[in-house]
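# Topology and contacts: notes
What follows is the residue order along each chain.
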Amino acid sequence: MAEVILMPRLSDTMTEGVIAAWHKKIGDNVKKGDLLAEVETDKATMELESYKDGTLLHIGIDKGGKLQVNDLLAIIGTAGEDISALVKEHSGGAPVATAAKKEETPKAATPAAAPQSTTSAVDVSKMDEVVLMPRLSDTMTEGVIAAWHKKIGDAVKKGELLAEIETDKATMELESYKNGTLLYIGADKGQKIQVNDLLCIIGEKDKVDVNAIVAAVKGGGGSSAGQPVPEKTTVAGSQSAVTASVTTASTENGRVKASPLAKKLAQEKGVDLHSIHGSGDGGRIIKADIDNYKPAAQTVAATTTSAPAAKATTAPVPVFAPVAGEEGYTDIPNSQIRNVIAKRLAESKFSAPHFYLTMEINMDNAMALRTQMNEVSPVKISFNDMVVKAAALALRQHPAVNASWMGDKIRRHHHIHIGIAVAIEDGLIVPVIRFADQKGFPQIAAESKELAGKAKNKKLQPNEFSGNTFTISNLGMMDIEEFTAIINPPDSCIMAVGRIKEVVVRKGEGFGVSNVMKITLSCDHRSVDGATGAAFLQTFKKLLESPLSMLL
């Protein structure tokens, strides 16, 4: 019997998916576990496997088309089986694109795209040649072109690195979905482009009307809407500029482009990657560059200013002469990440009514247990790992804190995903430890170190920095005793953790020294009341002061 496959929800915020590629066509045999299609969600392009054996009898939409979650994606059954009733049931009576009709649709569609006189009739969403700016993170509205790895006129193969896109959370690599020639780019390096705007066109030069596609995407306007494909002389003329920029490409935008092995070798040898010109693709630093690197002689030019020296003939005090000689400043353009940090935190601060709860915690027992655990743990456990575990267990007992304000309702999450704020060059990002309450100290420690490393190298995947239900920001390692943090939406709370310091306390009939840590909980008063937040902190304090209870 035929089985219907609906568009699945492949991420927590997904409402629709775009078919990036079909790996089976109507009439093909399909086995359970075979790769059926690639679906571009709001966070990533994900592979969809078949749930059963059979023959692909129907596809809900062609490559490049969009489907809402739970719309008809495909039907798999027995060859020759009548599926018209299933198609009608799940598509509201829409025409049936079954195996019997699979040859009619492409032939009818081909001549429709050929005329160039009516640009408004061009449906770019169904054109294989068009590549739109994908949504590479759950909050992305626009992207900045960090680098193009292909130029107009270059041959492009499926899977080749096409461009690097700087989103609001990371710089991500975009691969080509098809083979062809790069005919048009919608934005130059360093420029912004909105999600779903025209990113580039890939196809066969003699068969694609670039101007018509660009005009259709931008609502008409003739040749002024986009640049036509340059002739060979233009491509050749730009070759020298491209070649000249390769030597510095490895450090453009302050980002070092190097293979993981090259980075590891450079760290071991103490080599500054910024001083190396990469010989790899696009100026990428590779292992051979590290092996062949020879430090240049440090030549320090003793430059002296031509400004006349102040005459100290009779003055008992030397005349002050400023080093620079004039006032000045440097404007640093905001990165995409910095712009989004500013926007989101401003919205949080001025829309969510914050209140703050501060508590001191005795860390003597926690410090003793950490020392004992690190003697047997396969990975070093930090105090922050203990804070993450204690917070996760406290959230389990106080679900009202593990919540999000949704406008007309409060959403209490059944899962506990702890976000950890990590400082990076452009600002900060919050990697997420999922199901933290169910993980042991070594698992949390290993995952925290891995995610922090990826964050600083801008290698986090979308599912690794989204979905948090509670956030922890720790500045204790920077000798900060106490601070308040701005709530990280969609969380209702964020915990600010200060350093552990020694204080003199009364012990018995005398005095002694204890190790104390201050934490401050920022709460959204719309969803968390003061007594609720205080009760959570009491549980959190109890867990850290009696840390053996976290091992039970």
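The numbering scheme is per chain: residues are counted from 1 as the chain's sequence reads. Since the coordinates come from a predicted model, pLDDT governs what is reported: local features require at least 70, and pairs of side-chain atoms require 80 or more to be given and counted, while whole-chain, interface and lining totals use all residues. Each side-chain value is derived from all of the structure's non-hydrogen atoms; neither hydrogens nor water enter the calculation.

## Topic: the sheet that holds strand 7 (residues 66-68)
Here, any two strands with at least 2 DSSP bridges between them count as paired. Numbering of helices and strands runs from the N terminus; a helix is a DSSP stretch of H or I covering at least four residues, while a strand is a stretch of E covering at least two. With respect to topology, 4 strands assemble into an open sheet ordered 5-4-2-7, the strand pairing being antiparallel. At either end of the open sheet lies a strand with only one pairing partner, and these are strand 5 (45-49) and strand 7. Taken over all neighbouring pairs, the strand axes of this sheet differ in orientation by 40° on average, direction set aside. Where strand 2 (residues 16-22) and strand 4 (residues 35-40) come together, 4 bridges link them in antiparallel fashion. Considered in strand 4, the bridge of W22 is made with A37. For helices, the fitted axis covers only the stretch in contact; all axes are lines through C-alpha atoms, and the angles between them, taken along N-to-C directions, range from 0 to 180 degrees.

## Things to note about the pattern of salt bridges
The term salt bridge refers to a pairing of a side-chain nitrogen on Lys or Arg with a carboxyl oxygen on Asp or Glu at a separation within 4 Å. A full pass over the atoms with the stated rule returns 18 salt bridges. Between E450 and K454 there is a salt bridge, and its shortest N-O distance comes to 3.7 Å. Of this pair, E450 and K454 are both found in helix 11 (residues 441-456), 4 residues apart, which corresponds to roughly one turn of the helix. For R499, the salt bridge goes to D479, with nearest N and O atoms at 3.3 Å. Residue R499 is found in strand 25 (residues 493-507), and its partner D479 is found in the loop between strand 24 (470-474) and strand 25; the two are separated by 20 residues along the sequence. Owing to a relative accessible area of 23%, R499 belongs among the partly exposed residues under this scheme. What makes D479 exposed here is its relative accessible area of 54%. Linked by salt bridges that have partners in common, D479, E481, R499 and K501 make up one network. Between buried and exposed lies partly exposed: a residue is buried under 20% and exposed over 50% of the maximum accessible area for its type, with that area taken using a 1.4 Å probe on protein chains only.

## Quick notes on the packing of aromatic side chains
The geometry of an aromatic ring pair is captured by two quantities: the separation of the ring centres and the angle between the planes. Within 6.5 Å between ring centres, the rings of Phe, Tyr and Trp (the latter by its six-membered ring) count as paired, and their orientation is classed by plane angle as stacked under 30 degrees, edge-to-face over 60, tilted in between. Tallied over the full model, the rule gives 2 aromatic pairs. Ring geometry for F470 against F536: centres 5.6 Å apart, planes inclined by 55°, an arrangement best described as tilted. One end of the pair, F470, is in strand 24; the other, F536, is in helix 12 (residues 530-545), and 66 residues separate them in sequence. The burial state of F470 is the same as that of F536; both residues are buried. Chaining the aromatic ring pairs together yields one cluster made of F470, F536 and F540. Charges are assigned to positions over rings by a cutoff of 6 Å between ring centre and Lys NZ or Arg CZ, combined with an angular limit of 35 degrees from the ring normal. Above the face of the F383 ring, R370 is positioned so that its terminal group lies 4.4 Å from the ring centre. A cation over an aromatic ring shows up here: R506 above the ring of F511, its NZ or CZ 5.6 Å from the ring centre.

## Looking at helix 9 (residues 364-374)
Among all positions of helix 9, only A366, L369, R370 and M373 are buried. Seen along its axis, helix 9 keeps its buried residues to an arc of 105°; they face one direction. Looking at the buried residues of helix 9, the elements they touch are helix 10 (383-397), helix 11 and helix 12. Working note: the arc is built from the helix axis to C-beta atom directions. Residue contacts follow a heavy-atom distance rule, with two residues in contact if any of their heavy atoms lie within 4.5 Å.

## Thoughts on the packing of helix 10 against helix 11
Put simply, helix 10 and helix 11 touch, their axes get as near as 9 Å, and they point 115° apart. Helix 10 and helix 11 meet at a crossing whose hand is right-handed. Contacts between helix 10 and helix 11 involve D385, M386, V388 and K389 from the former and F441, I444, A445, S448 and K449 from the latter. Taken together, the residues of the contact of helix 10 with helix 11 sort by class into 5 nonpolar, 1 polar and 3 charged. In this scheme, a crossing is called left-handed if the near helix is turned counterclockwise away from the far one by less than a right angle; it is called right-handed if the turn is clockwise. Gly is placed with the polar residues, together with every amino acid not listed as nonpolar (Ala, Val, Leu, Ile, Met, Phe, Trp, Tyr, Cys and Pro) or charged (Asp, Glu, Lys and Arg).

## Topic: the confidence of the model for the protein
When the pLDDT values of the protein are averaged, the result is 80; 78% of them are 70 or greater. In predicted models, pLDDT denotes the confidence assigned by the predictor to each residue on a 0 to 100 scale. Overall, residues 93-120 carries pLDDT values under 50, and its contacts beyond four positions in sequence, including any with other chains, amount to 20 contacts. Scored below 50 in pLDDT, residues 297-312 shows 1 contact in the model against residues more than four places distant or in partner chains.

## Observations regarding helix 12
Every helix has an expected span of 1.5 Å times one less than the residues it contains. For helix 12, spanning 16 residues, the distance from its first C-alpha to its last is 22 Å, which sits close to the expected 22 Å at 1.5 Å a residue. By the burial criterion, the buried members of helix 12 are G533, F536, L537, T539, F540, L543 and L544. All buried residues of helix 12 project into a common sector of 160° when viewed along the axis, lining one side. Facing away from the buried side of helix 12 by over 90 degrees, the exposed positions are A531, Q538 and K542. On the buried face of helix 12, the contacting elements are strand 17 (354-362), helix 9, helix 10, strand 24, strand 25 and strand 26 (510-524).

## Things to note about the sheet that holds strand 23 (residues 432-433)
Spatially, 6 strands are ordered 17-26-25-24-20-23 in an open sheet, and the strand pairing comes out mixed. Looking at strand neighbours, the two that pair on one side only are strand 17 and strand 23, the edges of this open sheet. Set on the sheet, helix 10 makes contact with strand 20 (418-420), strand 23, strand 24, strand 25 and strand 26; between it and strand 24 the angle comes to about 155°. Helix-sheet contacts for helix 12 involve strand 17, strand 24, strand 25 and strand 26, and the interaxial angle to strand 17 is about 20°.

## Section: unusual backbone geometry
Note that the residue after P489, namely P490, is joined by a cis bond; omega there is 10°. Positionally, P490 belongs in the loop between strand 24 and strand 25. Even without a glycine there, the phi angle at F435 is positive, about 50°. Residue F435 is classed as partly exposed on the basis of its relative accessible area, which comes to 39%.

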